[in-house]
Amino acid sequence: MKRQVVYFILPPRTLLLDVAGPAEALNMANRYQNEVRFELHYAGPSAQIKSSIGLTLSNISTLPESLARNAMIVVSGAGGVTEDPPSEAARNEIVEWLRRIVRPTHRLVFICSGALLAARAGLLEHRACTTHHDDCEKLRQLATNARVLDNRIYVADGNVYTSAGVTAGVDLLLQVISEIAGPLCAVAVARNMVVYQRRTGADPQLSPWLEGRNHIHPVVHRVQDATAADPARHWTLDDLATVAHASPRHLTRLFQLHTGTTPLTYINRLRIALVRQLLANSQLSLEQVAERAGFGSSRHLRRIWRQYSATPPSRWRRTETVKR
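Residues numbered from 1 in each chain as written. Predicted model: local features only at pLDDT ≥ 70, side-chain atom pairs only at ≥ 80, totals over all residues. Heavy atoms only, no water.

Draft legend 1. Molecular detail of the overall build of the protein chain. Looking only at helices and strands, the protein chain features 13 helices and ten strands. Taking 324 residues into account, the globule formula puts the C-alpha radius of gyration at 20 Å, and the protein chain, at 22 Å, falls close to it. Each principal axis of the C-alpha distribution contributes one length, and for the protein chain these read about 70 × 45 × 40 Å. Residues counted as buried form 52% of the 324 residues belonging to the protein chain. Looking at the protein chain alone, contacts between residues at least 24 apart form 62% of all its contacts between residues at least 6 apart. Total accessible area on the protein chain is roughly 15,700 Å²; 50% of this is exposed by carbon and sulfur atoms. (Helix = DSSP H or I, 4+ residues; strand = E, 2+ residues; numbered from the N terminus. Rg over C-alpha atoms; globule rule 2.2 N^0.38 Å. Buried < 20%, exposed > 50% of the residue type's maximum accessible area, 1.4 Å probe, protein only. Contact = heavy atoms within 4.5 Å. Areas by Shrake-Rupley, 256 points an atom, 1.4 Å probe, with all protein chains shown as cover.)

Draft legend 2. Spatial organisation of helix α9 (residues 248-259). For α9, spanning twelve residues, the distance from its first C-alpha to its last is 16 Å, which sits close to the expected 16 Å at 1.5 Å a residue. Listing the buried residues of α9 in full gives L251, L254, F255 and T259. Buried positions in α9, seen along its axis, are confined to an arc of 100 degrees and lie on one side of it. Opposite its buried face, α9 presents the exposed residues R249 and L257, each directed more than 90 degrees away. Packing partners of the buried residues in α9 comprise α7 (218-229), α8 (237-244) and α10 (263-281). Phi turns positive, to about 80 degrees, at G260, one or two residues after α9. (Expected span 1.5 Å × (residues − 1). Arc of directions from axis to C-beta.)

Draft legend 3. The arrangement of a positive patch on the surface in detail. Together, R299, R302, R303 and R306 line one region of the surface with positive charge. Along the polypeptide, R299 turns up in helix α12 (residues 298-305). (Patch = residues over 30% accessible without salt bridge, like charges linked within 9 Å, V, L, I, M, F, W, Y side chains within 5 Å. Salt bridge = Lys/Arg side-chain N within 4 Å of Asp/Glu carboxyl O. Lys, Arg positive; Asp, Glu negative; His and termini not counted. Charge placed at Lys NZ, Arg CZ, Asp CG, Glu CD.)

Draft legend 4. Looking closely at the packing of aromatic side chains. Summed over the entire model, instances satisfying the criterion amount to three aromatic pairs. A ring pair is formed by F255 and Y266, whose centres lie 5.5 Å apart and whose planes are at 65 degrees; its orientation type is edge-to-face. Of this pair, F255 sits in helix α9 while Y266 sits in helix α10, placing them eleven residues apart in sequence. A cation sits over an aromatic face here: R233 above W235, 4.1 Å from the ring centre. Directly above the aromatic system of W305 lies the positively charged group of R276, at a separation of 4.8 Å from the ring centroid. (Phe/Tyr/Trp six-rings, centres within 6.5 Å; stacked < 30°, edge-to-face > 60°. Lys NZ or Arg CZ within 6 Å of the ring centre and 35° of its normal.)

Draft legend 5. Just the sheet that holds strand β2 (residues 36-43), in detail. Pairing within the open sheet is mixed, and its six strands lie in the order β2-β1-β5-β6-β10-β9. Each edge of the sheet is formed by a strand with only one pairing partner; in this case those strands are β2 and β9 (154-157). Taken over all neighbouring pairs, the strand axes of this sheet differ in orientation by 15 degrees on average, direction set aside. Bridge analysis of strand β1 (residues 2-9) against β2 gives eight bridges, and the strand direction is parallel. Among the inter-strand pairings, V5 is bridged to a residue of β2, identified as E39. This element, helix α2 (residues 85-101), spans β1, β5 (72-75) and β6 (107-110) of the sheet and lies at about 160 degrees to β5. (Pairing = 2+ DSSP bridges. Axes fitted to C-alpha atoms, helices over the stretch in contact; angles between N-to-C directions.)

Draft legend 6. Examining the environment of D239 more closely. Along the chain, D239 falls in helix α8. Sequence spacing of D239 and S314 is 75 residues, and the spatial spacing of their C-alpha atoms is 32 Å. In contact with D239, not counting residues within four places along its chain, are R233 and H234.

Listed below in structure tokens is the structure:
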């Protein structure tokens, strides 16, 4: 099992939700898959701090002198930031630690006003980023060469991730979980937390594996889980109704109501997503790709593909190869 070390860095007056939400999401991710083990650590300048709501957090480790090559660093935001000397000294210590410890192989996550510490450490230079809407202008002043984006839930630029305020940290960590442990794990975590991944019009497009999951209806989720686990299977509406323990007519109505699409369209989106993965990561012929993705032939694949892309599959594959 792969180990993913995660260090939550806690500044003075840490926003509790900035830590608890993302940490709980990662903890839940350990329950839903066996490929990656998220190992959570909590560190900061002080062994004990008072959070933004007055609750004391203790047993905080010192800032480590070294990190694993693939470590993830999560810096939380703070509420009611004061300029008193002890608090400013603690923030300076985090900034200096980030400058000293961060390597290109680390995954850096800055939640809410944690982005301000990233900016002071020079980690946002020439990158797209965001933060809480109250702090966007301050972020621009601190990171003059960064591209600060307003009205974003989160922004990912290379190995650096930044999020808007408070609960947006959960949205961001669901995306990170999807990248590291897979989209089905992220879906399971979101369902358990009874949240869904929000998007604004300018946010990155949601993965097809996560689309249509912004609901809590168990019947529809059962069908989505089954089809996502085996999109290449020849699914009939009767098969899906059996999985759902509902009549085909009732399932179709529920699916349309809660996802905005039909079961067949949903399955085709999953298959096209699988096709993209196979085209980008294998040397299989288009006919072989079609077969593995559940299409009857390459002609059938192309017909469905045209509904989602104006670029033919073969040309799309060449473009992806050049990017790599």
